[in-house]
Amino acid sequence: MDLPLVARGKVREVYDAGDDRLLLVASDRISAYDHVLPTPIPDKGRVLTQLSVWWFEQLTPVLSAFGATHHLVSATDVPAGVAGRAMLVRRLDMLPVECVARGYLSGSGTVEYSRTGSIRDVTLPPGLVEGSRLPEPVFTPSTKAEVGEHDEAIDFARVVSLVGAARAEELRELTLALYRRGAEVAAGAGILLADTKFEFGLGADGGLVLGDEVLTPDSSRFWPASSWAPGAPQPSFDKQYVRDWLTSSGWDRVSPPPELPDDVVAATRERYVAAYEQLTGTSFR
Ligand SMILES: Nc1ncnc(-c2cnn(Cc3cccc(F)c3)c2)c1Cl
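Predicted, not measured: the structure shown is a model, and the values here were computed from it.

Excluding glycine, most residues fall at negative phi; most peptide bonds, likewise, are trans. Of note in this structure, Asp-212 is not a glycine but carries a positive phi near 55°. You can see Asp-212 is positioned in the loop between β17 (208–211) and β18 (220–224). Phi at Arg-253 takes a positive value of approximately 65°, unusual for a residue other than glycine.

Take a look at the structure:
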């Protein structure tokens with residue numbers, strides 16, 4: 001890629017495409033247990049990019065209802081070397097808030113809930129366990145962590161201090177509306193959207209714009225609805241083969257992770273393709 005690098009994540013990069021445009025490139029890298037694995041998953045970058053593109057289309061009515069837009073300019077007008085796994089997007093003034101919506105209790109949410117009965121300022125009913133469905137989806141924002149750190153949950157008052165009261169309210173309502181639409185579509189495909197993270201920015205006209213990737217298995221927890229059983233960690237739709245193999249391999253989760261065997265790579269690729277095909281109702285090619 002001969003464009004200037006703007007940012008590098010675990011599995012993605014952002015390049016400066018000029019003319020107030022950025023190129024978001026998704027790699028075939030996969031992360032598990034907070035480590036980037038040495039073995040790529042063929043087509044993961046393409047599947048997740050095409051899934052984001054599809055979701056931007058699906059979410060446009062929800063965005064319009066809020067007078068908001070999304071940042072996607074093109075997923076075809078991209079360099080040949082990253083064809084199918086890059087999005088040309090409008091450069092935004094990104095808001096410093098990770099807009100997380102949760103429909104189910106999981107991960108860091110469960111840890112905090114177990115200690116306090118809530119997630120920051122969001123009080124939840126008693127008796128919930130890992131994997132419980134929440135009575136209503138909740139907005140549980142966080143701040144963007146430094147590279148290598150976890151995002152830190154923040155309360156709504158902190159969001160207000162960061163973006164102002166009106167914008168904070170708009171972020172909460174829009175995040176929940178987008179989550180509901182995503183969860184509804186996913187449920188129809190036999191996938192539980194446990195939670196997801198949106199990032200928003202401001203466009204040149206000051207309007208709210210949905211950025212980054214949307215509703216992918218990297219920005220969300222996708223659980224197979226058929227295996228849902230609250231009370232223990234739920235199997236990941238896409239990463240469970242990798243997690244189980246890593247656990248069975250005896251890896252200590254601290255030293256550099258081992259290469260994945262071919263069958264785990266192939267099965268994991270198939271999970272990404274299945275997620276795409278079940279959600280969109282179209283064949284991945
Ligand atoms: N439309 C936009 N305008 C301005 N900035 C961004 C932006 C910058 N960074 N990120 C997160 C990220 C996305 C991929 C790879 C990474 F390393 C980091 C998003 C976007 Cl999407």
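So that's the structure; there's more coming.
A few words now on the side chain of Gln-234. As for its placement among the helices and strands, Gln-234 is situated in the loop between β18 and α5 (240–248). With sequence-adjacent residues up to four places away left out, Gln-234 is seen in contact with Glu-130, Gly-131, Trp-223, Ser-227, Trp-228, Ala-229 and Gln-240.

Grouped together as the largest cluster of nonpolar side chains are 68 residues, with contacts concentrated most on Trp-55, Leu-171, Leu-178, Phe-200, Leu-210 and Leu-279. In this structure, Val-122, Leu-124, Leu-128 and Leu-134 belong to the second largest nonpolar core, which totals 8 residues.

Taking the UniProt record as the reference, the feature "domain: SAICAR synthetase/ADE2 N-terminal" (unreviewed entry) is found at residues 6–256. Across residues 6–256 one finds 29% helix and 29% strand; the C-alpha atoms that close the span lie 26 Å apart.

Quick look at the sheet that holds strand β3 (residues 21–26) now. Ordered by their spatial adjacency, 5 strands build an open sheet running β1-β2-β3-β8-β7, and the pairing between neighbours is antiparallel. Of all strands in the sheet, those with a lone pairing partner are β1 (5–8) and β7 (72–74), marking the two edges. If you compare each strand with its neighbour and ignore which way they point, the axes differ by 30° on average. With 2 bridges joining them, β7 and strand β8 (residues 86–90) adopt antiparallel strand pairing. Looking across to β8, one finds that Leu-72 is bridged to Val-89. Docked against the sheet, helix α1 (residues 44–65) engages β3, β7 and β8, running at close to 40° with respect to β8.

A few words on the environment of Val-122. Inspection of the secondary structure puts Val-122 in strand β12 (residues 122–123). Sequence-wise, Val-122 and Phe-156 are 34 residues apart; in three dimensions their C-alpha atoms are separated by 8.7 Å. If we skip the residues at most four places from it in the chain, Val-122 touches Val-138, Phe-139 and Thr-140.

Attention now goes to the site of the ligand. Around the ligand, the structure places 15 residues, and the nearest of them are Arg-8, Gly-9, His-71, Arg-90 and Leu-92. Between the ligand and His-71 there is a distance of 2.9 Å, counted from a nitrogen atom to a side-chain nitrogen or oxygen. Leu-92 is positioned such that a nitrogen or oxygen atom in its backbone is 2.8 Å from a nitrogen atom of the ligand. Here the ligand, which alone exposes 470 Å², has 87% of that area covered by the protein. Listing elements by their share of the shell around the ligand, those giving two or more residues are β1, β2 (12–18), β3 and β8. Tallying contributions element by element places β2 first for the shell around the ligand, with 3 residues.

Criteria and thresholds
Residues numbered from 1 in each chain as written. Predicted model: local features only at pLDDT ≥ 70, side-chain atom pairs only at ≥ 80, totals over all residues. Heavy atoms only, no water. Helix = DSSP H or I, 4+ residues; strand = E, 2+ residues; numbered from the N terminus. Contact = heavy atoms within 4.5 Å. Core = buried A, V, L, I, M, F, W, Y, C linked by side-chain atoms within 4.5 Å. Buried < 20%, exposed > 50% of the residue type's maximum accessible area, 1.4 Å probe, protein only. UniProt positions renumbered as here; feature names shortened; annotations may be inferred. Pairing = 2+ DSSP bridges. Axes fitted to C-alpha atoms, helices over the stretch in contact; angles between N-to-C directions. Near = heavy atom within 4 Å. Polar contact = N/O pair within 3.5 Å; in protein donor to acceptor, adjacent residues only side chain to side chain. Areas by Shrake-Rupley, 256 points an atom, 1.4 Å probe, with all protein chains shown as cover.

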